[in-house]
Amino acid sequence: MEPETPTRPGDDAPPPVKIALRNVFKVFGDQPDDAIRMVREGRTKDEIHAETGCTVGVNDASFDIHAGEIFVIMGLSGSGKSTLLRLINRLIEPSAGAILVEGQDITRMSKRELIELRRRDMSMVFQSFALLPNRTVLDNAAFGLEVAGVAEAERHAKAMAALRGVGLDAYAQSRPDQLSGGMKQRVGLARALASEPTVLLMDEAFSALDPLIRTEMQDELLRLQSEQSRTIIFVSHDLDEAMRIGDRIAIMQHGVVVQVGTPDEIVTKPANDYVRSFFRNVDVSQVFRAGDIARETQVTLIERRGMAIPAALERMRRHDRDFAIVVGRDKKYHGMVSAESLSRAARSGEADPYHRAFLADVQPIDAADTLSDVMGRVAQSPHPVPVVDAERRYVGSISKSALLMSLDRSGN
């Protein structure tokens with residue numbers, strides 16, 4: 001097999017679309033149609049307000065949100081991010097456009113259908129804890145189910161399971177005033193999770209917390225996502241938070257979604273100066289993961305019956321490579337070999353020559369590790385360092401030159 005065209009890990013087909021926005025507008029005021037017409041004519045937000053008294057909150061938003069991803073919406077105050085979030089479950093009515101949830105346009109739903117959708121598929125977590133002080137933690141977590149008419153035994157069982165998920169089952173009979181701020185927000189999160197939603201909407205959910213507790217809640221969210229994947233739409237004004245938890249990020253400016261992409265894509269290819277200003281001083285070693293910069297430029301050798309070292313050495317020679325990666329048919333990483341180690345193994349006459357040739361000092365890097373975690377290893381390694389995913393599948397290697405190029409990306 002020839003060396004593969006360089007690709008990014010994760011270039012496989014994306015997961016299915018959970019939510020799709022198509023040309024969505026939200027205009028606050030009495031003349032929304034006139035305001036939308038003026039937007040399409042190229043008039044500015046200020047001009048539209050001066051002439052009609054209307055404010056364009058969301059301007060022609062179109063993008064997809066994939067099932068199971070954490071999708072972060074961020075922007076400066078007044079950019080429209082919270083408005084956009086509330087359009088997705090129609091807490092705010094859109095002025096125009098379509099919002100599709102698994103292909104069904106919720107803008108055409110009746111009030112009854114919309115309520116059923118929210119009960120079945122969507123929960124929301126706000127910045128405010130909004131806990132009822134006269135109720136126990138368990139009853140607060142079960143409150144949404146109570147409003148939905150779920151019987152007491154069932155709602156308590158689901159609420160207890162949600163509290164257990166966020167580590168608060170021991171506090172089920174406590175009152176909110178007995179909890180810390182972080183614990184209160186965990187109760188709010190448990191309340192949202194108790195209805196077992198497939199979509200979780202979070203509006204500045206952690207911004208009222210102290211920095212340390214905020215980081216703990218981010219970790220908690222990531223842990224819960226790893227255990228039971230949901231589609232999470234998370235509004236934040238905090239760049240570090242967005243980069244830390246977001247699979248993809250949408251940047252908003254004056255009601256317009258100016259760019260949607262992974263943290264890597266937005267840092268390296270900002271759409272305009274506004275986006276560039278967010279990331280100007282970002283430490284890319286904390287943003288990029290090993291999997292983001294690993295490339296399949298090394299020769300890969302598939303370990304199988306009948307494998308022959310002379311053929312492997314010839315392939316390495318033709319592709320001008322001193323090292324090669326040995327993988328199984330399932331692409332699981334087996335080890336790294338060199339031309340020298342293969343030659344020694346061939347002379348030994350071993351029945352299992354590749355294993356004899358594996359370089360003992362090579363340990364693969366986890367694709368999820370940040371560059372700051374792996375820089376030292378790559379810098380000191382005499383060869384490109386292999387990178388594997390959580391299933392130990394080979395995703396590529398990192399060379400010193402690739403590392404340096406990635407660290408230089410902040411100079412946009």
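The protein is annotated in an unreviewed UniProt entry as Quaternary amine transport ATP-binding protein from Teichococcus aestuarii. In UniProt, the protein has this text filed under Subcellular location (unreviewed entry): "Cell inner membrane". UniProt's Catalytic activity (unreviewed entry) comment on the protein is quoted here verbatim: "a quaternary ammonium(out) + ATP + H2O = a quaternary ammonium(in) + ADP + phosphate + H(+)".

Asker: Explanation requested: the overall build of the protein in the structure shown.
Answerer: Summing up its helical and strand segments, the protein has 19 helices and 16 strands in all. Classification of the 412 residues of the protein by burial places 49% in the buried group. Taken as a whole, the protein presents about 19800 Å² of accessible surface, with 47% of it coming from carbon and sulfur. Charge separation in the protein, taken as the distance between the mean sites of 52 positive and 59 negative side-chain charges, equals 2 Å.

Asker: I'm lost on helix 8 (residues 181–193) in this one. Help?
Answerer: Here helix 8 is 13 residues long and its end C-alpha atoms lie 19 Å apart, about the 18 Å a rise of 1.5 Å per residue gives. Counting buried positions along helix 8 yields 10 of 13 residues, so the element is predominantly enclosed. Taken as a whole, helix 8 has its buried residues at Gly182, Met183, Gln185, Arg186, Val187, Gly188, Leu189, Ala190, Ala192 and Leu193. Looking at the buried side of helix 8, the elements it contacts are strand 6 (122–125), helix 5 (137–141), helix 7 (152–165), strand 7 (199–203) and helix 9 (211–227).

Asker: What's the story with the nonpolar core in this structure? I'm lost.
Answerer: As a rule of thumb, nonpolar side chains are buried together in soluble globular proteins. Judged by nonpolar contacts, the single largest core of 61 residues is most densely connected at Leu189, Met202, Ile251 and Phe279. Counting residues per element, this core draws most heavily on helix 8, at six residues. Counting only domains with at least three residues in this core, you end up with domain 1 (68–86 + 110–284) and domain 2 (290–411). Not counting chain neighbours up to four residues away, the residues in contact with Met202 comprise Leu85, Val125, Leu189, Leu221, Ile232, Ile233, Phe234 and Val235.

Asker: Explain the UniProt feature "domain: ABC transporter" (unreviewed entry) in the protein here, please?
Answerer: When the UniProt feature table is mapped onto this chain, "domain: ABC transporter" (unreviewed entry) is found at residues 42–279. For residues 42–279, the helix share is 42%, the strand share is 22%, and the end-to-end C-alpha distance is 28 Å.

Asker: So what exactly am I meant to see when it comes to the packing of helix 1 (residues 32–40) against helix 2 (residues 45–52) here?
Answerer: The description of two packed helices rests on the angle between their axes and on the distance between the axes. With their axes 10 Å apart at the nearest point, helix 1 and helix 2 run at an angle of 145° to one another. Helix-helix and strand crossings are classified by hand; for helix 1 and helix 2 the assignment is right-handed. Residues Asp34, Ala35, Met38 and Val39 of helix 1 form the contact with helix 2, whose participating residues are Glu47, Ile48, Glu51 and Thr52. Grouping the amino acids of the contact of helix 1 with helix 2 by side-chain chemistry returns four nonpolar, one polar and three charged.

Asker: Any chance you could explain unusual backbone geometry here in plain terms?
Answerer: Glycine aside, residues mostly have negative phi, and peptide bonds are mostly found in the trans state. With a phi close to 50°, Glu204 is a non-glycine residue in the positive phi region. Along the chain, the position of Glu204 falls in the loop between strand 7 and helix 9. Looking at Glu204, the relative accessible area reads 11%, which means it is buried.

Asker: Would you mind going over the sheet that holds strand 15 (residues 385–388) with me for this structure?
Answerer: Pairing between the strands of a sheet is mediated by backbone hydrogen bonds and can be parallel or antiparallel. Ordered by their spatial adjacency, three strands build an open sheet running 14-15-16, and the pairing between neighbours is mixed. Every interior strand has two partners, whereas the edge strands, strand 14 (365–366) and strand 16 (394–398), have only one. Inspection of the sheet shows strand 14 paired to strand 15 by two bridges, in the parallel sense. For Ile365, the partnering residue across the bridge sits in strand 15 and is Val387.

Asker: Would you take a moment to explain the packing of helix 8 against helix 9 for this structure?
Answerer: Contact geometry of helix 8 with helix 9 gives a least axis separation of 10 Å together with a crossing angle of 25°. Here helix 8 lies roughly parallel to helix 9, going by the angle between them. Considering how the two elements wind past one another, helix 8 and helix 9 form a crossing that is right-handed. On helix 9, the residues touching Gly182, Gln185, Arg186, Leu189 and Leu193 of helix 8 are Ile213, Glu216, Met217, Glu220 and Leu224. A breakdown of the residues in the contact of helix 8 with helix 9 according to their chemical character gives five nonpolar, two polar and three charged.

Asker: What am I meant to see in the pairing of strand 9 (residues 248–253) here?
Answerer: Two faces make up the sheet, and in a regular strand the side chains alternate between them. With six of its six residues buried, strand 9 lies for the most part within the structure. The alternating pattern of strand 9 places Arg248, Ala250 and Met252 on one face and Ile249, Ile251 and Gln253 on the opposite face, and all of these are buried. Here five bridges tie strand 3 (residues 70–75) to strand 9, and the two strands are oriented parallel to one another. By the bridge assignment for strand 9, Gly75 is matched with Met252.

Asker: Could you clarify how one ought to interpret the environment of Ala130 in this entry?
Answerer: Within the secondary structure layout, Ala130 lies in the loop between strand 6 and helix 5. You can call Ala130 partly exposed: its relative accessible area is 49%. Linking Ala130 and Gly188, residues 58 residues apart in sequence, is a C-alpha distance of 7.6 Å.

Asker: Explanation requested: the packing of aromatic side chains in the structure shown.
Answerer: In this description, an aromatic ring pair is defined by two values, namely the gap between the centres and the angle between the planes. Scanning the entire structure with this criterion turns up two aromatic pairs. Above the face of the Phe28 ring, Lys26 is positioned so that its terminal group lies 5.2 Å from the ring centre.

Asker: I keep staring at the side chain of Ser79 and nothing clicks. Help me out?
Answerer: Mapped onto the elements of the fold, Ser79 is located in the loop between strand 3 and helix 3 (81–88). When its relative accessible area of 4% is taken as the criterion, Ser79 is described as buried. Dropping the residues within four chain positions of it, Ser79 is found in contact with Gly57, Met252, Gln253, His254, Gly255 and Tyr274.

Asker: Please clarify how the side chain of Gln185 should be interpreted in this entry.
Answerer: Mapped onto the elements, Gln185 comes out in helix 8. The class of Gln185 is buried, set by a relative accessible area of 1%. Beyond its immediate stretch of four places on either side in the chain, Gln185 contacts Val125, Phe126, Gln127, Phe129, Ala205, Phe206, Leu209 and Met217.

Rules of the game
- Residues numbered from 1 in each chain as written.
- Predicted model: local features only at pLDDT ≥ 70, side-chain atom pairs only at ≥ 80, totals over all residues.
- Heavy atoms only, no water.
- UniProt positions renumbered as here; feature names shortened; annotations may be inferred.
- Helix = DSSP H or I, 4+ residues; strand = E, 2+ residues; numbered from the N terminus.
- Buried < 20%, exposed > 50% of the residue type's maximum accessible area, 1.4 Å probe, protein only.
- Areas by Shrake-Rupley, 256 points an atom, 1.4 Å probe, with all protein chains shown as cover.
- Lys, Arg positive; Asp, Glu negative; His and termini not counted.
- Charge placed at Lys NZ, Arg CZ, Asp CG, Glu CD.
- Expected span 1.5 Å × (residues − 1).
- Contact = heavy atoms within 4.5 Å.
- Core = buried A, V, L, I, M, F, W, Y, C linked by side-chain atoms within 4.5 Å.
- Domains from an automatic or database assignment.
- Axes fitted to C-alpha atoms, helices over the stretch in contact; angles between N-to-C directions.
- Left-handed = near helix turned anticlockwise from the far one by under 90°.
- Nonpolar A, V, L, I, M, F, W, Y, C, P; charged D, E, K, R; others polar.
- Pairing = 2+ DSSP bridges.
- Parallel < 35°, antiparallel > 145°, perpendicular 65-115°, else oblique.
- Phe/Tyr/Trp six-rings, centres within 6.5 Å; stacked < 30°, edge-to-face > 60°.
- Lys NZ or Arg CZ within 6 Å of the ring centre and 35° of its normal.

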